[in-house]
Amino acid sequence: MSTFTAGEELAPLTVDVTRDQLVRYAGASLDFNPIHWNEAFAKEVGLPDVIAHGMLTMALGARLVTDWLGDPGRLVDYFARFTRPVVVPNDGAATIEFTGKVAVVNDDGTARIDITAKFDGKAVLGKAQAVVRA
């Protein structure tokens, strides 16, 4: 992709996150907070169950963009707020749906991509935006 068109939609991405993935992510990120693997602890601190790492959810949003670009080196900047946890059941998966759209094309050839991430029909990332270059 060498040029961008405002309003262009990225191919959607759906990802199933499982508890075993959380364990692998914890090992890779060194984030061993028990809210990501210990159901009793998560509930004790007021969560409905074990939740996915926010940074894992954010990384999956970046994957939406880099898959579309075909070159992760073209991702210049990325920002998101965590608005709601992704609850990961013990015996299944949490399905997160990502969509994106080219919001603005800049004079310098970069573009801003607005990303939506939903779990259970509700946004889990707020103001998720990526800046990409041609």
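By the naming in an unreviewed UniProt entry, the protein is Dehydratase, taken from Amycolatopsis orientalis. Quoted straight from UniProt, the Sequence similarities (unreviewed entry) entry for the protein says "Belongs to the enoyl-CoA hydratase/isomerase family."

A.B. asks: What am I meant to see in the overall build of the protein here?
C.D. replies: The secondary structure content of the protein amounts to three helices and six strands. Its helices and strands taken in sequence order, the protein reads β-α-α-α-β-β-β-β-β from the N to the C terminus. In terms of its C-alpha atoms, the protein occupies a principal-axis envelope of roughly 50 × 30 × 20 Å. Here the protein holds 134 residues, and the buried ones make up 37% of them. Of the roughly 7,200 Å² of accessible surface on the protein, 52% is carried by carbon and sulfur atoms. On the protein, the mean spot of the 13 positive side-chain charges and the mean spot of the 17 negative ones are 4 Å from each other.

A.B. asks: I keep staring at the pattern of salt bridges and nothing clicks. Help me out?
C.D. replies: For side chains bearing opposite charge, pairing can occur when the charged atoms are close. The tally for this structure, following the rule as stated, stands at six salt bridges. Here Asp-67 and Arg-63 are joined by a salt bridge, their closest N and O atoms 3.6 Å apart. One end of the pair, Asp-67, and the other, Arg-63, are both in helix H3 (residues 54-69), four residues apart, so they sit about a helical turn from each other. What makes Arg-63 partly exposed here is its relative accessible area of 36%. In the salt-bridge network here, residues are joined through shared partners; they are Arg-19, Glu-39, Lys-43 and Asp-49.

A.B. asks: What am I meant to see in the UniProt feature "domain: MaoC-like" (unreviewed entry) in the protein here?
C.D. replies: Feature annotation in UniProt places "domain: MaoC-like" (unreviewed entry) on residues 12-112, given in this structure's numbering. A distance of 17 Å separates the end C-alpha atoms of residues 12-112, which is 33% helix and 28% strand.

About the cut-offs
- Residues numbered from 1 in each chain as written.
- Predicted model: local features only at pLDDT ≥ 70, side-chain atom pairs only at ≥ 80, totals over all residues.
- Heavy atoms only, no water.
- UniProt positions renumbered as here; feature names shortened; annotations may be inferred.
- Helix = DSSP H or I, 4+ residues; strand = E, 2+ residues; numbered from the N terminus.
- Buried < 20%, exposed > 50% of the residue type's maximum accessible area, 1.4 Å probe, protein only.
- Areas by Shrake-Rupley, 256 points an atom, 1.4 Å probe, with all protein chains shown as cover.
- Lys, Arg positive; Asp, Glu negative; His and termini not counted.
- Charge placed at Lys NZ, Arg CZ, Asp CG, Glu CD.
- Salt bridge = Lys/Arg side-chain N within 4 Å of Asp/Glu carboxyl O.

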